[in-house]
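# Coordinate analysis (summary)
Now for the letters of each chain:
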Amino acid sequence: MYLLLTILAVAASVILVLIVLVQNSKGGGLASSFSSSNQIMGVRKTTDFLEKTTWTLIAFIVVCCVFATGVHDGSAVASTSEIAEQAEAVQQESAQAPAAPFDEAAPAE
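In what follows, the accompanying structure is described. (Residues numbered from 1 in each chain as written. Predicted model: local features only at pLDDT ≥ 70, side-chain atom pairs only at ≥ 80, totals over all residues. Heavy atoms only, no water.)

### Some words on the nonpolar core
Heads up, the rule is: What is meant by a nonpolar core is a set of buried Ala, Val, Leu, Ile, Met, Phe, Trp, Tyr and Cys residues, joined one to another through side-chain atoms within 4.5 Å. Relative accessible area decides the class of each residue, using a 1.4 Å probe on protein chains only: under 20% of the type maximum gives buried, over 50% gives exposed, and in between gives partly exposed. Strands here mean DSSP runs of E at least two residues long; helices mean DSSP runs of H or I at least four residues long; both are numbered from the N terminus. By the convention used here, residues are in contact when the closest approach between their heavy atoms is within 4.5 Å.
A12, L16, I19, L50, L57 and I61 form the largest nonpolar core, which has six residues in total. Among the elements of the structure, α1 (2-22) and α2 (43-71) are those that each provide at least two residues to this core. Residues contacting I61, with those up to four places away along its chain left out, are A9, A12, S13 and L16.

### Some words on α1
Note the following rule: How far a helix is expected to stretch is found by multiplying one less than its residue total by 1.5 Å. Working definition: the arc comes from the directions between the helix axis and the C-beta atoms, pointing outward to the latter.
Over its 21 residues, α1 extends 31 Å from the first C-alpha to the last, a length consistent with the 30 Å expected when each residue adds 1.5 Å. Those residues of α1 that sit buried are L5, A9, A12, L16 and I19. Angularly, the buried residues of α1 cover 85° about the axis, an arc narrow enough to put them on a single face. Turned more than 90 degrees away from the buried face of α1 sit L3, L18 and L21, all of them exposed.

So this is what it looks like as structure tokens:
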């Protein structure tokens, strides 16, 4: 379930990037290429559609992320790095090694 939600969020993100790239920062974008205002999807309708699609995709991505966080089981990724394992091994070895008494002087070099 976690993997499905992650894939959906990534796909929605890619679509969102494409939709945002179609839009113009000044409000023209795809709508500016239509010269006649009496078309079925006129200039204003195209901008409304792109804006509604943008907000819908953002909401969808947020919902997917929240549900994926709730579904994700953290114990599945329980492996530690090799550095952490080596540090733990060194700590165990130093704990098992006998310590020198404090009253003995260190040997001179």
